[in-house]
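Each chain is listed here by its residues.
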2 protein chains.
Amino acid sequence: MDIKTYLIDQKKIIEEALTSYMLLANGDFAEHIETMRYSLFAGGKRIRPILCLAAARMVGDKNFDDNTVLPVACALECIHTYSLIHDDLPAMDNDDLRRGKATNHTVYGEAAAILAGDGLQCFAFDLLSSPDFNAIEPQARLKIISIISRAAGPMGMVGGQSLDVTHEGEKIPFELLRTIHRSKTGALITASLLSGCISAGGTKEQCSFINDYGRGIGLAFQIVDDILNVESTAEELGKATGSDARRGKATYPAFFGLEKSKGMAADAVKNAIQALDHFETGTEPLRELALYINNRTN
Amino acid sequence: MDIKTYLIDQKKIIEEALTSYMLLANGDFAEHIETMRYSLFAGGKRIRPILCLAAARMVGDKNFDDNTVLPVACALECIHTYSLIHDDLPAMDNDDLRRGKATNHTVYGEAAAILAGDGLQCFAFDLLSSPDFNAIEPQARLKIISIISRAAGPMGMVGGQSLDVTHEGEKIPFELLRTIHRSKTGALITASLLSGCISAGGTKEQCSFINDYGRGIGLAFQIVDDILNVESTAEELGKATGSDARRGKATYPAFFGLEKSKGMAADAVKNAIQALDHFETGTEPLRELALYINNRTN
């Protein structure tokens, strides 16, 4: 398979689903909904929903229908997008550009951007619980909501972002950097895979191997993010580069240097791919995705 | 029954439950969790969880156990608290005081306050879906999550807050003011009652009457809020008063004058109490709560 073509195809599937599920910007709440739509349709890579969908297909049988898991996949993208909107705020990273486009608050103002994020997070849980989607049995849906809310919450993504902000510019021990990565980025990536696995009726054992895969690519994803902030150009990345070093941010390259960091990312990807050996068929997309995460340039 | 004693007792039940469910501020995420706990335990009136619990008890049979619904009640308080933290931010209402205490961002800074709100919203959905609580059957739990996420989301509380911010200081038509109230305050109040009703196995018909009750007290609650902003002292209210008028905010008193507004609040309470006629027993707490909402001074 060609990973580039695969990613384009999957992105299209996700964006069609997002388009069909997302609230339309009309009626009394049109302006607010427009602020959410702006960031949701601002050209994201859709990595989390793609991972969710890929895991579900790998675990599901031949009759597995994408529509079973697409609301879950889209909910994950809503959560990811809300976190980016809030991360970019002046009180946080104060970024003007995201994916080459003006950030939410630079277009709509701070108050609207805070609420756009709040609305997107809440809408994610609406999608996850909506009576419009009932292909997944209730007990499994609850489990998915529990996994995602823990991964995105105070001991997961939000907690990681909080640690990141609190310790910005400080010399922190490596263990703390690892905790920040695992919670801020890794937790939601793993939750994306696990929720896909559960959507398709995956067993506890399958969930455990999917979890191993998720930890591997989650780690690789963050190390590569740090590397790109050093090596990439603003044009490639769609946002300012070198900002981590200017802020004195703790990163893998700052701890271990560029070359060793690259080796660590490659090892993490290798571990992730090994976890796929426990699945009989349909592992190629997740295998290629793991390699792609390590080789991406933006 | 004496409503003051009742409220003190119920508040104690809610706060004991919140204390037992809420994450402890230790471990890697201690500082972040502390920012959430600060606002969650800052002396709220706990109206939403009290309504949830009261509705559940009214609908449930004699053997109804409070513990069935307490996680739901506490989730509602987490959502309410997050919305207050974000409402108080400099980019929004820029308030320094809330319930007589320094607002979250004045204590911990803007970034931490944004994340405290984000974490609390997410934690609410963790509570609602947690495998630690399984007294409510999965299908009903999903319905509760759906109702709460819609009430708190882009067409509910967040949407209402967005409209409020967007039109601040503008002369808006009454219909828009009503939409703002229904979405910003009314929706979550109604959802609190409905989720209590569903937790206790309420029928569709019971949910419909509870909904009528909720709309009545939700309206009264907001009108009284507007009135208190004019008539109350800062000491009574625990926050600055007269701020609505200074900001040129559209309020019931601004539209109809104080006396007519008071009459409208009384009518809304009357309608709410009439909806309780459809329940055979245990209506007294909700009846007294409706009257209390109209007579409260803070």
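Here the structure is a predicted model, which means the values were calculated and not measured.

Q: Teacher, can you tell me more about the overall build of chain A here?
A: When its secondary structure is counted, chain A shows 14 helices and 2 strands. Across the 298 residues of chain A, 51% fall into the buried class.

Q: Before we go on, may I ask you to explain the nonpolar core in this structure?
A: Buried together is how nonpolar side chains tend to be arranged in soluble globular proteins. Within the largest apolar cluster, 167 residues are counted, with the highest numbers of intra-cluster contacts made by Ala55 of chain A together with Ala55 of chain B. Residues within four places of Ala55 of chain A in sequence aside, it is in contact with Leu193, Gly196, Cys197, Ile210 and Leu286 of chain A.

Q: Is there a simple way to think about the interface of chain B and chain A in this case?
A: Size of an interface: often given as the accessible area lost when the parts come together. Contacts between chain B and chain A engage 46 residues on the former and 46 residues on the latter. Put simply, the parts of the chain that give the side of chain B that touches chain A at least two residues each are α2 (30-40), α6 (110-129), α7 (138-152) and α8 (157-166) of chain B. Ranked by residues supplied to the side of chain B that touches chain A, first place goes to α6 of chain B with 13 residues.

Q: Would you explain the relation of the copies chain B and chain A in this entry?
A: Each copy of the chain is related to the other by a rotation around an axis and a translation along that axis. For the pair chain B and chain A, the relating rotation is 180°, the translation along its axis is 0.0 Å, and the fit reaches an RMSD of 0.0 Å. Given the turn and translation reported, the copies of this chain are related as if by a two-fold rotation axis. Minimal C-alpha separation from the rotation axis in chain B is found for Pro138 of chain B, amounting to 2.8 Å. Comparing interface residues between copies, 100% of those in chain B also lie at the interface in chain A; the contact surface is shared.

Q: Looking at this structure, I do not really get the environment of Gly263 of chain B. What am I missing?
A: Considering the arrangement of structural elements, one finds Gly263 of chain B in helix α13 (residues 252-275). Between the C-alpha atoms of Gly263 of chain B and Ile223 of chain B, which are 40 residues apart in sequence, the distance is 10.0 Å.

Q: Please clarify how α6 of chain B should be interpreted in this entry.
A: An α-helix turns once per 3.6 residues; consequently, residues spaced three or four apart project the same way. An ideal rise of 1.5 Å per residue puts 28 Å on 20 residues; α6 of chain B measures up with 29 Å between its terminal C-alpha atoms. Most of α6 of chain B sits out of view: 19 of its 20 residues are buried.

Q: How should I be thinking about α13 of chain B in this particular structure?
A: Residues and elements named next belong to chain B. For α13, spanning 24 residues, the distance from its first C-alpha to its last is only 24 Å, which falls clearly below the expected 34 Å at 1.5 Å a residue. Leu258 marks where α13 bends most, by close to 95°. Turning to α13, its buried residues are Tyr252, Ser261, Ala265, Ala268, Val269, Ala272 and Ala275. Here the buried face of α13 lies against α10 (204-231) and α14 (284-295).

Q: I tried to follow the packing of helix α6 (residues 110-129) of chain A against α8 of chain B on my own but got confused; where do I start?
A: Think of two packed helices as two axes; the pair is described by the angle between the axes and how far apart they sit. The N-to-C vectors of α6 of chain A and α8 of chain B enclose an angle of 170°; their axes lie 9 Å apart at closest approach. The angle between α6 of chain A and α8 of chain B falls in the class roughly antiparallel. Handedness of the α6 of chain A/α8 of chain B crossing: left-handed. Here α6 of chain A contributes Ala111, Ala112, Leu115, Asp118, Gly119 and Cys122 of chain A to the contact with α8 of chain B, which in turn contributes Val158, Gly159, Gln161, Ser162 and Val165 of chain B. Grouping the amino acids of the contact of α6 of chain A with α8 of chain B by side-chain chemistry returns 6 nonpolar, 4 polar and 1 charged.

Q: Looking at this structure, how should I read the environment of Leu51 of chain A?
A: All names here are of chain A. Within the element layout of this structure, Leu51 appears in helix α3 (residues 47-59). Look at Leu51 and you get buried, because 32 C-beta atoms sit within 10 Å. Not counting the four nearest positions on each side in its chain, Leu51 is found in contact with Ile189, Ser192, Leu193, Gly196 and Leu289.

Q: Help me out: how do you make sense of the confidence of the model for chain A in this one?
A: Do not read the predicted coordinates in detail wherever pLDDT is low. Residue-level pLDDT values for chain A average 94, and 97% of them are 70 or greater. On the interface metric, ipTM, the complex scores 0.95, and its pTM is 0.95.

Q: What is the right way to look at the packing of α6 of chain B against α7 of chain B in this model?
A: Residue and element names in this part refer to chain B. Between α6 and α7, the shortest axis-to-axis distance is 10 Å and the interhelical angle comes to 160°. Taken together, α6 and α7 sit at an angle that is classed as roughly antiparallel. Relative to α7, α6 is oriented so that their crossing is right-handed. Of the residues in α7, those in contact with Phe125, Leu128 and Ser129 of α6 are Arg141, Ile144, Ile145 and Ile148. In the contact of α6 with α7, the residues fall into 5 nonpolar, 1 polar and 1 charged.

Q: Help me understand unusual backbone geometry in this model?
A: A negative phi holds for most residues other than glycine; trans holds for most peptide bonds. Positive phi is not limited to glycine here, since Asn94 of chain A has a value of about 50°. Of note, Asn94 of chain A is situated in the loop between α4 (66-87) and β1 (97-98). The exposure class assigned to Asn94 of chain A is exposed, which follows from the 12 C-beta atoms found within 10 Å. Even without being glycine, Arg46 of chain B reaches a positive phi, approximately 65°. Of note, Arg46 of chain B is situated in the loop between α2 and α3 (47-59).

Reading guide: rules and limits
- Residues numbered from 1 in each chain as written.
- Chains lettered and ligands numbered in written order.
- Predicted model: local features only at pLDDT ≥ 70, side-chain atom pairs only at ≥ 80, totals over all residues.
- Helix = DSSP H or I, 4+ residues; strand = E, 2+ residues; numbered from the N terminus.
- Buried ≥ 20, exposed ≤ 12 C-beta atoms within 10 Å, placed from the backbone.
- Core = buried A, V, L, I, M, F, W, Y, C linked by C-beta atoms within 7 Å.
- Contact = placed C-beta atoms within 7 Å.
- Least-squares fit on C-alpha atoms with pLDDT ≥ 70 in both.
- Expected span 1.5 Å × (residues − 1).
- Bend = angle between axes of the 7 residues up to and from the residue.
- Axes fitted to C-alpha atoms, helices over the stretch in contact; angles between N-to-C directions.
- Parallel < 35°, antiparallel > 145°, perpendicular 65-115°, else oblique.
- Left-handed = near helix turned anticlockwise from the far one by under 90°.
- Nonpolar A, V, L, I, M, F, W, Y, C, P; charged D, E, K, R; others polar.
- pLDDT = per-residue confidence, 0-100.

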